[in-house]
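Residue-level structural notes
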Amino acid sequence: MTRYEIRISGYGGQGVITLSKMIVTASSLYEGLAGTQTEAYSAAARGGKCWAEVVIDLDKDIKMIDYPKALEPYDFLIILSQEAAGDIKLNMVKKELNTGFLIWDNSAIQKFRAVKRIDNSLGIPIQKIAVEKFGNIVFGNTILFGVFTVLSGIFSEDSALETIKKFVPSSTLDKNLEAFELGKQQGLSFLKELKEAKA
Amino acid sequence: MSDIGRMLPNEKPEHPYVPFSYAGSMFGNFATRFCSGCGYGIIGHLFTKIFEDEKLDPHLFPTIIGIGCYSQLLLIVHTKSQKILALHGRAPALATGIKMANPNMKPIIFSGDGDCLGIGGNHFIHLCRRNLDCVIFIFNNSIYAMTGGQGAPTTLFGAQSTTTPYKMFENRSDGVELAVAAGATYVARTTVAHPRTFMKYFKKALNHKGTSVIEVITPCVTYFGRKNLDSLGAENREGEGEKMDTGQKMIDWIKQNTIRRNQAKLMTEDQLLNKYVIGEFRYQTDKPEYSDEYNKIQKFAMEEK
Amino acid sequence: MSKINSKRFLSPGKHLMMGNVAMSEGALSAGLNYFGGYPITPSTEVIEHLAVRMPQVGGVCMQMEDELASINSVIGASLVGAKSMTATSGPGLSLMVETISMAANLEVPFVFCDVQRNGPGTGFVTEPHHNDIGLVRFSGNGEFQVIALAPMSCQELFDLTITAFNFAELYRCPVFILSDAYLGHLHEVVTIPPKEKILDRVIQRELPPPDEYIKKFTYKDDNTGKYVIPKPPQMGTDYCPGLLLHQPHNYEGLPTPKPMQFMEAIMDKINKNKDKICITESYKLKDADIIIIAYGLPVRASYRAVDIARKEGFKVGIFRLVTVWPFPDEEVMDVVKDAKAIIVPELNYTGYIAEQVERVTKLEIPIIKIPKVCEFHHPDDILKVIKEVAK
């Protein structure tokens, strides 16, 4: 039993829920791990505090997640809106060696106090890149998915690519693969930074 | 029907459609619990007559009966028609399920004024809105008769009932206007004092594809007639007149109180207060019918890859 | 049913699905032909999904004007031979109860998916709360028995929906699926079996042979003393009484001067078949002296709690109720007779099932409720109680 807790929050319609579905698809459909995803719905899915949670059990023998809601502290936290950033506290992210990441969008969030004291935090101007480079905000999802694939390492790159093929329309597949690659590079360079900092 | 006149004075008149009625086929007579003077007997036998004469397929014309005095109609309507008693006010909803699950059917719904314009008003509106192929009768006796004479949404202004013991002061609800506004495609009103018109409208409704609403004004002697004067609805006669305590008096009152639609056009609103305007209010054949439209959707969805 | 549309079945294999969608797909596999519903959080995805899927398979999905209309249309559709279903939440269920009792007395089969949520119509719509357990059992005026199944995962939502349709066909009573706001919105992997395997399980709606047309309602066979439940009548065929009355009627559908016989038939057709209806599961019960009795989502947490407790040397086991109603009295009695204590984790404050256990055990064994409202049990919550009890 090794639960891996993931929480994503941001604006409704930004792709919070799609990203969470991509993560659970890659890990439980293609990688065969037990996983659950829950999301905000109805009135809660509107505004800046839309959220989605994913729980993956890294132990292959586990057939079912016992407690389907993600528990604090999280292994992986993605924050995409100012409103959601306001709720984040220091102890919400795990303080272990290879886990406990906080990814946030520094083009959408101006003020994020907690972030300075969380070690494994990475700010990427996701919205800005998505709009400027790919022309649509939805590509932010694929960038984040690339970052997640590298940093979490719970599923292989092949599973990730399969997932992208399943989720995006074939007309924008090339652009999405490009975005995924960009996310991957961001993730890899962040890992390098972390290693150097620790050394 | 024509044989009735030729019977001897000591001979018991027998309705030629008795053998076809539910009670008739079981007991050989009109075993109903209707009060004397009630209009539902007329309706039941006219329905049975048309069901028999038009040779309606009982498998395709289910009868859905709401709750009210007319629920007893199931004893005298045609024995072969498949009858189901629906909950109070929910007959239109039940009919929707029947029609949609088997689009070959054409449900015939019996409902009353309390059933259709009171508790089931919403279902009635939406049945008309969808223009679902069915016939819906609103039997309007302007009173809640089965529960003992309480005021109904259709009770006339100034009338007495057990829940309006001083006088009825609410505005009257008009089933026909409601049906027209909601989008039913064949809307008519008639009374039991005009049986030939009733038959004409019913036959027309059977051949019409779409929601057909027929409001039938029917007398209730026991709970409406005995409490109210025949001056109800007549101009400048408030407080005068006699109580309508027999079927004959009520039928006369209904005849006096009905106005044909073309005549009503020339009358003012004050003159029409408490009057029943009879006639056909809408007959529109080009409006799409719901189950046909749904069938198109099904075909589209089935072929879609 | 002339030809079964192949679009009814998803491709066999693994699919990632939301609970509400898994339930809808289960219903489609079971032969759902008519769905009448009204949107209500958290059951909305069912009607949304079926609005897409039903026309594809030649079925009908109607969005009615309110809950009263949707349940009545479901009864109507079932009467003409369509397998029908509705889905709603607690506030919708409380509007529908009048019709449920009519359907139960008329022995009209239908499946009812109750995606439970907290509180009244103005409550927390997105929080799970098993507060309809009591309402489901007594869901209407008049006396009748219902069947209620409580799944705990998306896979079970798929499988148990097929079971529910089969129960509805066999026992001709309302069959409830007790989902909840959390289960309905959970995304999990569901393994869809091949089409042939599903079809083997499904009981289709058929007419009986013409010589059995007289008996249309449940009756007691005088020779064997058993209750015989004929196939559901269909309007528009010869196998239908001329008059469908929801008042005491005999097996022909005619009003009966013996209401007691009718009542016995309605109640005992379920009570006497409990051995076939009551599905239960046991987990490490053999030598257990502390027994957890649970249903629905809390079972998931209980499994983990028991695993941990067993490692620490506590003798704990789980008795899981897949069928919540009718309550399996004899089985529960048999399981708990040597127990030191019974723990009942429930997602409500009342403890509807705990009350039933109290009734069965005649209060001779201590029963510890673990009530939770709007959030569900963490394994640690249950573990804590196990340790306290074992002291």
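Residues numbered from 1 in each chain as written. Chains lettered and ligands numbered in written order. Predicted model: local features only at pLDDT ≥ 70, side-chain atom pairs only at ≥ 80, totals over all residues.

Some details on the sheet that holds strand 12 (residues 280–283) of chain C
All names here are of chain C. Spatial ordering of the open sheet is given by 12-14-13-16-17, a layout of 5 strands whose pairing is mixed. The sheet is open, and its two borders are formed by strand 12 and strand 17 (367–371), each paired with just one other strand. Ignoring strand direction, the axes of neighbouring strands in this sheet form an average angle of 20°. On top of the sheet, helix 13 (residues 352–361) reaches strand 13 (290–294), strand 14 (316–321), strand 16 (341–346) and strand 17; it is set at about 155° to strand 16, its chief contact. (Pairing = 2+ DSSP bridges. Helix = DSSP H or I, 4+ residues; strand = E, 2+ residues; numbered from the N terminus. Axes fitted to C-alpha atoms, helices over the stretch in contact; angles between N-to-C directions. Contact = placed C-beta atoms within 7 Å.)

Focus: the interface of chain B and chain C
Counting residues at the interface gives 30 residues for chain B, matched by 34 residues for chain C. Looking at which element gives the most residues to the side of chain B that touches chain C, the answer is helix 3 (residues 91–101) of chain B, with 8 residues. For strand 2 (residues 83–85) of chain B and strand 11 (residues 243–244) of chain C, the ladder comprises 2 bridges, and the chain directions are parallel. In the sheet register, Lys83 of chain B faces strand 11 of chain C, and the bridge partner there is Leu243 of chain C.

Description of unusual backbone geometry
Residues and elements named next belong to chain C. The omega angle of the peptide bond from Thr41 to Pro42 is 5°, so this bond is cis rather than trans. The amide bond that connects Trp325 to the next residue, Pro326, takes the cis arrangement and shows omega of -5°. Assignment of secondary structure puts Pro326 in the loop between strand 15 (323–325) and helix 12 (329–336). Backbone geometry places Lys284, a non-glycine residue, at a positive phi of 50°. Checked against the element boundaries, Lys284 lands in the loop between strand 12 and strand 13.

Comments concerning the nonpolar core
Within the largest apolar cluster, 271 residues are counted, with the highest numbers of intra-cluster contacts made by Val111 and Ile147 of chain C. Per-element accounting of this core gives the leading share, 10 residues, to helix 6 (residues 154–171) of chain C. Structurally, this core is a two-domain feature, drawing no fewer than three residues from each of domain 1 (6–201) and domain 2 (279–390) of chain C. If we skip the residues at most four places from it in the chain, Ile147 of chain C touches Phe167, Tyr171, Cys173, Val175, Phe176, Ile270, Ile277, Thr323, Trp325 and Pro326 of chain C. Core analysis: the next-biggest nonpolar cluster, separate from the first, contains 5 residues, Leu156, Met168, Leu229 and Leu232 of chain B among them. (Core = buried A, V, L, I, M, F, W, Y, C linked by C-beta atoms within 7 Å. Buried ≥ 20, exposed ≤ 12 C-beta atoms within 10 Å, placed from the backbone. Domains from an automatic or database assignment.)

Remarks on the pairing of strand 5 (residues 186–191) of chain B
All names here are of chain B. Among the 6 residues that make up strand 5, 6 are buried, leaving the element largely enclosed by the rest of the structure. Residues of strand 5 alternate between two faces, with Tyr186, Ala188 and Thr190 on one and Val187, Arg189 and Thr191 on the opposite face, all of them buried. Following the backbone out of strand 5, through helix 7 (residues 195–207) and into the adjacent parallel strand 6 (residues 211–217), one traces a crossover that is right-handed. Of the pairings in the sheet, the one linking strand 5 to strand 8 (residues 276–283) comprises 4 bridges and is antiparallel in character. (Right-handed = clockwise from strand over helix to strand, strands pointing away.)

What to know about the domain arrangement of chain C
All names here are of chain C. Looking at chain C, the domain boundaries give domain 1 (6–201) and domain 2 (279–390). Once you take the C-alpha centre of each, domain 1 and domain 2 turn out to be 27 Å apart. Tallied by class, residues from the side of domain 1 that touches domain 2 come to 13 nonpolar, 6 polar and 3 charged. (Nonpolar A, V, L, I, M, F, W, Y, C, P; charged D, E, K, R; others polar.)

A word on the environment of Lys372 of chain C
Residues and elements named next belong to chain C. With respect to the helices and strands, Lys372 occurs in the loop between strand 17 and helix 14 (379–390). For Lys372, a count of 21 C-beta atoms within 10 Å gives the class buried. Distance from Lys372 to Tyr219, taken between C-alpha atoms, is 43 Å for residues 153 residues apart in sequence. Non-local contacts of Lys372, meaning those with residues more than four positions away in its chain, are made with Leu347 and His377.

Observations concerning the environment of Thr164 of chain B
All names here are of chain B. Within the secondary structure layout, Thr164 lies in the loop between strand 4 (134–140) and helix 6 (175–182). Since 16 C-beta atoms lie within 10 Å of it, Thr164 is described here as partly exposed. Taking the C-alpha atoms as reference, Thr164 lies 23 Å from Ile138; in sequence the two are 26 residues apart. When near neighbours in sequence (up to four residues on either side) are disregarded, Thr164 contacts Gly151 and Thr155.

Here's the deal with the interface of chain A and chain C
With 16 residues of chain A at the interface, the matching set in chain C holds 19 residues. Per-element tally for the side of chain A that touches chain C: the top contributor is helix 1 (residues 16–30) of chain A, with 5 residues. Classifying every residue of the side of chain A that touches chain C by side-chain character gives 7 nonpolar, 6 polar and 3 charged.

A look at the packing of helix 3 of chain B against helix 5 (residues 121–130) of chain B
Residue and element names in this part refer to chain B. Their axes nearest at 8 Å, the elements helix 3 and helix 5 cross at an angle of 40°. Considering the angle they form, helix 3 stands oblique to helix 5. Two secondary-structure elements touch here, helix 3 through Pro92, Ala93 and Thr96 and helix 5 through His123, Phe124 and Leu127. (Parallel < 35°, antiparallel > 145°, perpendicular 65-115°, else oblique.)

Some thoughts on helix 1 of chain A
Residues and elements named next belong to chain A. For helix 1, with 15 residues, the first-to-last C-alpha span of 21 Å sits near the 21 Å given by 1.5 Å per residue. For helix 1, the tally of buried residues reaches 13 of 15 residues, placing the bulk of the element in the interior. After helix 1 finishes, the residue Gly32 shows a positive phi value of roughly 80°. (Expected span 1.5 Å × (residues − 1).)

Points about the sheet that holds strand 5 (residues 110–116) of chain C
Whenever strands of a sheet pair, they do so through backbone hydrogen bonds, lying parallel or antiparallel. Residue and element names in this part refer to chain C. One open sheet holds the 7 strands; their spatial order is 3-2-4-5-7-6-15, and the pairing between them is mixed. On the outer flanks of this sheet lie strand 3 (60–63) and strand 15, each paired with one strand and no other. Between one strand and the next, the sheet's axes are offset by a mean angle of 25°, whatever the strand orientation. Bridging between strand 2 (residues 34–37) and strand 4 (residues 84–88) involves 2 bridges; their strand directions are parallel. Its bridge partner lying in strand 4, Phe35 is registered against Met85.

Description of the packing of helix 2 (residues 40–53) of chain B against helix 7 of chain B
Residues and elements named next belong to chain B. Closest axis-to-axis distance for the helix 2/helix 7 pair is 11 Å, and the angle between their directions is 45°. Classified by the angle their axes make, helix 2 and helix 7 are oblique. By crossing handedness, the relation of helix 2 to helix 7 is classed as right-handed. Residues Ile42, Leu46 and Ile50 of helix 2 touch helix 7, and the partners they reach there are Pro195, Phe198, Met199, Phe202 and Lys203. (Left-handed = near helix turned anticlockwise from the far one by under 90°.)

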